[in-house]
Structures are given as C-alpha cells and as structure tokens.
Amino acid sequence: MHMEFHHLGWAVFSIEKAKAHFCAIGFVEEHAPIIDTLRNVRIAFLKNTVLSIEIIEPLSEKSPITKLLEKNGPSPYHACFVAKMESKTDVTKFLKSKGFMPVSNAEPAPAIEEKKVQFFYSKEIGLIEIVYE
C-alpha cells in the first residue's frame, strides 16, 4: 500500500498567534482559516518548501483539541497521509492488519476540499489521519 504524506497536524491556542511564529521561520499561509463545525475547530494550512502544517484551534471547550492543549500545550499531534487504494474498506482492512484502530468515521473535511478523512490510532506511533482520494 502506498501512503503519501499530506500534512502534520499541530494543536494551537490561537491560529493568528501561531501563524505569526510559523511565518517568522519561513512558512506561508495557503488559505484563510476555515471553520470545521463537525470537529469544532478552526483550521489553517501553512507551507514551506518541504512541509505542510495544519494548525488547529479549538472553537470551544467541547473541542477535542481543548483536551490536547490542556495536557500537552501547543504541539504536533497527528501526521496525515493520502491513501492510494481502491476503497475505504481496503484502507481500513490494511491498517487494522498493521495494528491501527479506527477512532473516527470517514467524514468530509472542509479544510481539505470536503475530501473524506478518517483517524486511526496505533499505540506504537499515535494518531494518523487518512485522506481518501
């Protein structure tokens, strides 16, 4: 199975403050922040010559990002990959065979052109996100 790297997800308290710091070290904003009501977050993508970072700000105390920030502070928390397989079923079956467990359903992501994304967890490497194309 071929997985192509898409982005690194980074939990932040404030997109605007985080963006200023990332831009100071060479990143540029790819598009204006987008609100994802399903996940209760605000998202912006930043890019430099080799890396795309998704900075994610909670919209409320109920956001799953709020708990991550309380526990770890601003930090990377997932890597995202584009799945190059025939179906979501094939991807899920393959990842389960490698020790990953699905922790969400495949649902549209407004920040990634409404492509379906799904999160998986491995106790050895943590959280990954899959973009289905």
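This part takes up the environment of P102. Position of P102 relative to the elements: it lies in strand β7 (residues 101-102). For the pair P102 and E129, spaced 27 residues apart in sequence, the C-alpha separation works out to 9.7 Å.

Keep in mind that low pLDDT regions are not for reading the predicted coordinates in detail. Taken over all residues, the pLDDT of the protein chain has a mean of 94, while the share at 70 or more is 98%. In the model of the protein chain, helix α3 (residues 88-97) stands out as the element of lowest mean pLDDT, 89, in contrast to strand β5 (residues 52-58), which has the highest, 98.

Attention shifts here to the pattern of salt bridges. With the rule as written, the count across this model stands at seven salt bridges. In this structure, E29 and K19 form a salt bridge, with 3.3 Å as the shortest nitrogen-oxygen distance. Of the two residues, E29 sits in strand β2 (residues 28-29) while K19 sits in helix α1 (residues 15-24), which places them 10 residues apart along the sequence. Owing to a relative accessible area of 13%, K19 belongs among the buried residues under this scheme. In this structure, K115 engages E133 in a salt bridge whose closest nitrogen and oxygen atoms are separated by 2.9 Å. Of the two residues, K115 is situated in strand β9 (residues 115-122) and E133 in the segment after β10 (126-132); the sequence distance between them amounts to 18 residues. Judged by its relative accessible area of 26%, K115 is partly exposed. Here the residues in one salt-bridge network are E16, K19, E29, R42 and E57, joined through shared partners.

Here is what the cut-offs are and how they apply
Residues numbered from 1 in each chain as written. Predicted model: local features only at pLDDT ≥ 70, side-chain atom pairs only at ≥ 80, totals over all residues. Heavy atoms only, no water. Helix = DSSP H or I, 4+ residues; strand = E, 2+ residues; numbered from the N terminus. pLDDT = per-residue confidence, 0-100. Salt bridge = Lys/Arg side-chain N within 4 Å of Asp/Glu carboxyl O. Buried < 20%, exposed > 50% of the residue type's maximum accessible area, 1.4 Å probe, protein only.

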